[in-house]
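Okay, here's what each chain looks like letter by letter:
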Amino acid sequence: MLPLRLKKHDKIGIISPSDPITKELMEQFEKGTEYLSELGFTPIQSKNCLSCSMGYSATPKEKADDINNMFADSSIKAIVCSQGGANANACLPYVNWNIIRSNPKIFMGISDITTLLNAIFLKTGLVTFHGNDIIWGFGRELQMYDKKEFSDRLFSGKIGDLKSNGNRVNIRGGKAEGTLIGGNLKCLLKLAGTNFLPDFNNAIVFLESFGFDPVVCDSAFNQLKQMGVFDEIKGVIIGHIFDDRKEQQNIHMEDILLKVSKEYSFPILKIDDFGHNCPNTVIPVGVKASMDADNKTITLLEKCVE
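Starting from 1, residues in each chain are numbered consecutively following that chain's sequence as written. In keeping with the predicted nature of the model, local features appear solely for residues at pLDDT of at least 70, side-chain atom pairs appear and are counted solely at 80 or more, and the whole-chain, interface and lining totals rest on all residues. Side-chain numbers here rest on the full set of heavy atoms in the structure, without hydrogens or water.

## What to know about the layout of surface pockets
Each pocket or cavity is described by its volume, and for the largest pocket that value is around 880 Å³. As defined here, a cavity is a set of points on a 1 Å grid over the protein atoms alone where a 1.4 Å probe fits but cannot get out. A pocket is an open set with protein on both sides within 12 Å along at least five of seven lines, and residues line them when an atom is within 4 Å of a point. In this structure, the largest pocket is lined by 39 residues; those nearest its centre are Ser 111, Asn 184, Ser 209, Phe 210 and His 276. Strands are runs of DSSP state E lasting at least 2 residues, helices are runs of H or I lasting at least 4, and numbering of each runs from the N terminus. Looking at the lining of the largest pocket, the elements with two or more residues in it are α5 (134-138), α7 (185-188), β9 (203-210) and α8 (214-226). Only Asp, Glu, Lys and Arg are considered charged, only Ala, Val, Leu, Ile, Met, Phe, Trp, Tyr, Cys and Pro nonpolar, and every remaining residue, Gly among them, polar. Grouping the constituent residues of the lining of the largest pocket by class yields 15 nonpolar, 16 polar and eight charged. Grid points are joined across faces, edges and corners, and a volume is the space filled by probe spheres set on the points.

Right, dumping it as structure tokens:
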């Protein structure tokens, strides 16, 4: 199920299903909404967008109400999350999947919003979008790459090769074709053992991380392996791994994956085109794509907006 592409003057709903917007973040939040206005959109805050009713976040019900109401409002043409955080998964039991099915529209976020991007696609079939949020994306100085990818994907609906903004490395060669699933590794694993876990059968999984601990990363990949995920997927794309601890710079997430999955043959490609504190492309969750690790290409095979 595809959402309609963006048009100038569309209303874009802003929600906060993860961490609350603190006073310290208000300036960046306002810059992010102002940027959308400069592009010709009308940003509309949800009722609980600025709520912190639990002292550390809004309630799960309040967050889900905002999701449901933004999808139900026919004047809202897209929904963008304010930021990620830690507990977006708490609102999943309260999301009205029938409302989303009946009102397909662009839904975009990053980091902790991984839980919502993949759950929405699983429960409704609606293609969602891994891309810049309001505070840490649009609220910062965007590079031309971010702007062009946002326009190409959500305005023009371009298919074909995902443009590269930096170095790409072939970790394990080969070609694959499958459905794009993924986001933040830690956040994706929050769905393990729930009925919101995405279907990894014939998937190309894309993964990134905020902060990097080799032992934790090893544990996460072994968990995916023990869950049978590696038996089902067709390939893995590793994005930008943000970590400022210089002593670990010689140990990389992609190398750990290569070791943990040594008995498998699926291709692994390392890129720097999505993640935290880096330029971000817009990746449609639920769209079929192909990857060629040897030639370092990723190609969207289906349109992601109508």
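From this point on, the discussion continues.
## Structural notes on the side chain of Arg 172
Topologically, Arg 172 is positioned in strand β7 (residues 169-172). Within polar-contact distance, the side chain of Arg 172 engages the side chain of Ser 261 at 3.0 Å. Any pair of N or O atoms that falls within 3.5 Å is considered a polar contact. Within protein, one atom must be able to donate a hydrogen and the other to accept it, and sequence-neighbouring residues count only if both atoms are side-chain atoms.

## Brief notes about the sheet that holds strand β3 (residues 76-81)
In this analysis, strands are considered paired if DSSP registers two or more bridges between them. Strand order across the open sheet formed by six strands is β2-β1-β3-β4-β5-β12, with mixed pairing between neighbours. Only two strands of the sheet have a single neighbouring strand rather than two, namely β2 (42-45) and β12 (283-285). Pairs of neighbouring strands in the sheet enclose a mean axial angle of 30°, with direction left out of account. Alignment of β3 against strand β4 (residues 106-109), held across three bridges, turns out to be parallel. Within β4, the residue paired with Val 80 across the bridge is Met 108. Between two residues, a contact is recorded if the distance between any of their heavy atoms is within 4.5 Å. Convention adopted: a line fitted to C-alpha atoms gives each axis, helices being fitted over their contacting stretch, and angles between N-to-C directions are expressed from 0 to 180 degrees. Most of the contacts of helix α1 (residues 26-38) go to β2, to which it runs at about 140°, and overall it touches β1 (11-15) and β2.

## Side note on the environment of Val 95
In this fold, Val 95 is placed in the loop between β3 and α3 (97-102). With 68 residues separating them along the chain, Val 95 and Glu 27 place their C-alpha atoms 30 Å apart. Leave out the neighbours within four places in its chain, and Val 95 touches Ala 64, Ile 67, Asn 68 and Ile 100.

## Considerations on the environment of Asn 96
Within the secondary structure, Asn 96 is located in the loop between β3 and α3. A residue is classified by how much of its surface remains accessible, and Asn 96, at 29% relative accessible area, is partly exposed. When the C-alpha positions of Asn 96 and Asn 69 are compared, they lie 9.5 Å apart, and in sequence the two are 27 residues distant. Exposure is judged per residue with a 1.4 Å probe applied to protein chains only, and the accessible area is read against the type maximum: over 50% gives exposed, under 20% gives buried, and values in between give partly exposed.

## What to know about the nonpolar core
As used here, the term nonpolar core means buried Ala, Val, Leu, Ile, Met, Phe, Trp, Tyr and Cys residues forming a set that is joined through side-chain atoms within 4.5 Å. Of all hydrophobic cores here, the largest spans 92 residues; its most connected members are Phe 107, Phe 221 and Phe 230. In this structure, Phe 221 is in contact with Leu 185, Leu 207, Phe 230, Ile 238, Met 253, Ile 256, Leu 257 and Val 260, ignoring residues within four places of it in sequence.

## Let's talk about the sheet that holds β9
Read across the sheet, eight strands follow the order β6-β14-β13-β8-β9-β10-β11-β7 without closing on themselves; strand pairing throughout is mixed. The outermost strands of the open sheet, each flanked by one partner alone, are β6 (160-161) and β7. Across six bridges, the pairing between β9 and strand β10 (residues 235-242) is parallel. Bridging across to β10, Val 205 finds its partner in Val 236. The strands touched by helix α10 (residues 253-260) within the sheet are β7, β9, β10 and β11 (268-275), with β10 carrying the most contacts at an inclination of about 145°.

## Digging into empty space enclosed by the protein
Applying the stated criterion across every chain yields a total of four cavities of 30 Å³ or more. Here the largest cavity defines a volume of roughly 50 Å³. Every residue along the wall of the largest cavity is listed here: Tyr 35, Asn 132, Phe 138, Leu 142, Asp 146, Lys 147, Phe 150, Asn 280 and Val 282. Of the residues contributing to the lining of the largest cavity, the split by class is five nonpolar, two polar and two charged.

These results come straight from atomic positions and should not be treated as a statement about function.
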